[in-house]
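Coordinate inspection notes
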Amino acid sequence: MDILVHDLAHARSGDKGNTSNVAVIAYDEAGFEILRTQLTAERVMAAYAHLAEGPVERYELPKLRALNFVIHKALAGGVTRSLRIDPHGKTLSSIVLGIRVPGSTL
């Protein structure tokens, strides 16, 4: 059965230049294990492909039950250059929450 990331975690996003940072923080250990194995940098890049050129780097923070994704070339040049409605990318965390992850047993 597939499940949404939203059902396993919450997320926050921020920016630095033309790079977006998206943190996914699991509600519990079981959710983190599913995310750790299923929420890959490639899957995240596919979800952001309409906005970002990439690449995407993934960092694990197991003591926080979190994954941190650094999405390069995601903000149309950054705050001072972007004509997007959300040049800081503060709403970009909502995209990751809509990703479906396979093989969940919850």
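Please read all numbers here as calculations on a predicted model, not as lab measurements.

Where a protein is soluble and globular, its nonpolar side chains tend to be buried together. If you look at the biggest cluster of nonpolar residues, it comprises 28 residues, and the most contacted ones within it are Val5, Leu35, Leu39, Val44, Ile71 and Val96. With residues near it in sequence (within four places) discarded, Val96 still touches Val5, Ala11, Val22, Val24, Leu39, Val44 and Tyr48.

A few words on helix α2 (residues 41-48). Taken as a whole, α2 has its buried residues at Ala41, Val44, Met45 and Tyr48. Within α2, the buried residues cover an arc of 100 degrees as seen down the axis, which keeps them to one side. Residues Glu42 and Ala46 are exposed on α2 and point more than 90 degrees away from its buried face.

The next point concerns a nonpolar patch on the surface. There is a patch of nonpolar side chains on the surface, built from Tyr59, Leu61 and Leu64 and spanning about 290 Å² of accessible area. Mapped onto the secondary structure, Leu64 falls in the loop between β4 (56-61) and β5 (66-71). A residue is classified by how much of its surface remains accessible, and Leu64, at 56% relative accessible area, is exposed.

Along the chain, Pro102 falls in the segment after β6 (100-101). On the accessibility criterion, Pro102 (28% relative accessible area) is partly exposed. When the C-alpha atoms of Pro102 and Leu39 are compared, they prove to be 9.3 Å apart, with 63 residues separating the residues in sequence. In this view, Pro102 contacts Met1, Asp2, Gln38 and Arg43; residues no more than four positions away in its chain are not counted.

Summarising the element assignment, Asn68 is placed in strand β5. For Asn68, a relative accessible area of 16% puts it in the buried group. There is a polar contact of 2.9 Å between the side chain of Asn68 and the side chain of Asn21.

It is worth spelling out the confidence of the model for the protein at this point. Per-chain confidence: the protein averages 85 in pLDDT, with 81% of residues scoring 70 or above. Here strand β2 (residues 9-16) is the element of the protein with the lowest mean pLDDT, 88, and β4 is the one with the highest, 97.

To continue, consider the sheet that holds β2. Strands sit in the order β2-β3-β5-β4 across an open sheet of four strands; the sheet is antiparallel. Single-partner strands in this sheet number two, and they are β2 and β4. Neighbour-to-neighbour, the strand axes of the sheet open up by a mean angle of 20 degrees, direction not taken into account. In this structure, β4 lies alongside β5, joined through six bridges in antiparallel fashion. Looking across to β5, one finds that Val56 is bridged to Ile71.

Calculation rules
Residues numbered from 1 in each chain as written. Predicted model: local features only at pLDDT ≥ 70, side-chain atom pairs only at ≥ 80, totals over all residues. Heavy atoms only, no water. Core = buried A, V, L, I, M, F, W, Y, C linked by side-chain atoms within 4.5 Å. Buried < 20%, exposed > 50% of the residue type's maximum accessible area, 1.4 Å probe, protein only. Contact = heavy atoms within 4.5 Å. Helix = DSSP H or I, 4+ residues; strand = E, 2+ residues; numbered from the N terminus. Arc of directions from axis to C-beta. Patch = residues over 30% accessible without salt bridge, like charges linked within 9 Å, V, L, I, M, F, W, Y side chains within 5 Å. Areas by Shrake-Rupley, 256 points an atom, 1.4 Å probe, with all protein chains shown as cover. Salt bridge = Lys/Arg side-chain N within 4 Å of Asp/Glu carboxyl O. Polar contact = N/O pair within 3.5 Å; in protein donor to acceptor, adjacent residues only side chain to side chain. pLDDT = per-residue confidence, 0-100. Pairing = 2+ DSSP bridges. Axes fitted to C-alpha atoms, helices over the stretch in contact; angles between N-to-C directions.

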